[in-house]
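If you want the building blocks of each chain, they are given just below.
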Amino acid sequence: KTDQESFVACQQVMDAEAQEKQKKHDNESAADLERVTDYAEEKEIHVTDIGDVLANLGKTSNAKQAAERERELSAVKISKEDVELVMREMEINKVKAERALRENKGDVVAALTALVN
């Protein structure tokens, strides 16, 4: 072979090796990208799950607090006359009058003030 043919053959081998290296690098990069994408998708799912759990905990906690508040209010003693007075003065129904009185521990003046404000 001539020097030029040897040079061309050597150049072709080097080009083939460079292409093989580039192909291997591209495959490794694609695999790395796939792992990163999988990791990110997995984290998104976990964040969504955590958000749902926290939302449900908040609902449960709020429901328990509301039930406890209703028990406390139902324990407050109010008189029939006070309920009628609040109903008449504020022109509201019995349920609202009882609720206002119970929230104000049976105090008629405080209940009327709360309803006015």
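Given the structure is predicted, the values throughout are model-derived calculations rather than measurements.

About the thresholds
Residues numbered from 1 in each chain as written. Predicted model: local features only at pLDDT ≥ 70, side-chain atom pairs only at ≥ 80, totals over all residues. Heavy atoms only, no water. UniProt positions renumbered as here; feature names shortened; annotations may be inferred. Helix = DSSP H or I, 4+ residues; strand = E, 2+ residues; numbered from the N terminus. Patch = residues over 30% accessible without salt bridge, like charges linked within 9 Å, V, L, I, M, F, W, Y side chains within 5 Å. Areas by Shrake-Rupley, 256 points an atom, 1.4 Å probe, with all protein chains shown as cover. Salt bridge = Lys/Arg side-chain N within 4 Å of Asp/Glu carboxyl O. Buried < 20%, exposed > 50% of the residue type's maximum accessible area, 1.4 Å probe, protein only. Arc of directions from axis to C-beta. Contact = heavy atoms within 4.5 Å. Polar contact = N/O pair within 3.5 Å; in protein donor to acceptor, adjacent residues only side chain to side chain. pLDDT = per-residue confidence, 0-100. Core = buried A, V, L, I, M, F, W, Y, C linked by side-chain atoms within 4.5 Å.

S.K.: Go over the UniProt feature "coiled-coil region" (unreviewed entry) in the protein chain, please, and point to the residues and values.
M.R.: Look at the UniProt record and you will see "coiled-coil region" (unreviewed entry) annotated at residues 80-107. The span residues 80-107 is 75% helix and 0% strand, and its two end C-alpha atoms sit 13 Å from each other.

S.K.: So, a nonpolar patch on the surface: which residues are in play, and what are the values?
M.R.: Together, Val 53, Leu 54 and Leu 57 give the surface a local cluster of nonpolar side chains, amounting to about 300 Å² of exposed area. Relative to the assigned elements, Leu 54 resides in helix H1 (residues 3-75).

S.K.: Can you lay out helix H3 (residues 94-103) for me, pointing to particular residues and giving the numbers?
M.R.: Taken as a whole, H3 has its buried residues at Ala 97, Ala 100 and Leu 101. Projected onto a plane normal to the axis of H3, the buried residues spread over an arc of 95 degrees and lie on a single side. Turned more than 90 degrees away from the buried face of H3, the exposed residues are Val 95 and Lys 96. Buried positions along H3 lie against helix H2 (80-90) and helix H4 (108-116). The N-terminus of H3 is capped by Asn 93, whose side-chain oxygen sits 3.2 Å from the backbone nitrogen of Val 95. The first or second residue beyond H3 is Lys 105, which carries a positive phi of 55 degrees.

S.K.: An account of the environment of Leu 115 is needed here, citing residue identities and associated values.
M.R.: With respect to the element layout, Leu 115 can be found in helix H4. What makes Leu 115 partly exposed here is its relative accessible area of 32%. Linking Leu 115 and Ala 97, residues 18 residues apart in sequence, is a C-alpha distance of 9.0 Å. In this structure, Leu 115 is in contact with Val 86, Met 90, Ile 92 and Ala 100, ignoring residues within four places of it in sequence.

S.K.: I'd love a proper account of the environment of Lys 96, names of residues and values included.
M.R.: As for its placement among the helices and strands, Lys 96 is situated in helix H3. Since its relative accessible area comes to 53%, Lys 96 is described here as exposed. Considered as a pair, Lys 96 and Val 83 are 13 residues apart in the sequence and their alpha carbons are 9.3 Å apart.

S.K.: Any chance you could break down the confidence of the model for the protein chain for me, citing the residues and the numbers?
M.R.: Per-residue confidence for the protein chain gives a mean pLDDT of 85, with 90% of residues at or over 70. Of all helices and strands in the protein chain, the one with the weakest mean pLDDT is H1 (80), whereas H4 scores best (95).

S.K.: An account of the nonpolar core is needed here, citing residue identities and associated values.
M.R.: Core analysis: the biggest nonpolar cluster contains seven residues, these being Val 83, Val 86, Ala 97, Ala 100, Leu 101, Val 108 and Ala 111. For this core, the secondary structure elements donating two or more residues are H2, H3 and H4. Once residues lying within four places of it in the same chain are set aside, the contact partners of Ala 111 are Ala 100, Leu 101 and Asn 104.

S.K.: Residues and numbers for the pattern of salt bridges, please.
M.R.: Per the stated rule, a full pass over the model turns up four salt bridges. Here Asp 32 and Arg 35 are joined by a salt bridge, their closest N and O atoms 2.2 Å apart. Taken together, the residues Asp 32 and Arg 35, both in helix H1 and three residues apart, mark about one turn of the helix. Classification of Asp 32 as partly exposed rests on a relative accessible area of 39%. When the shortest N-O distance is used, the salt bridge between Glu 103 and Arg 99 registers 2.8 Å. Taken together, the residues span about one helical turn, with Glu 103 and Arg 99 both in helix H3 at a distance of four residues. On the basis of relative accessible area, Arg 99 is assigned to the partly exposed category, the value being 32%. One connected set of salt bridges, linked through shared partners, spans Glu 70, Arg 99 and Glu 103.

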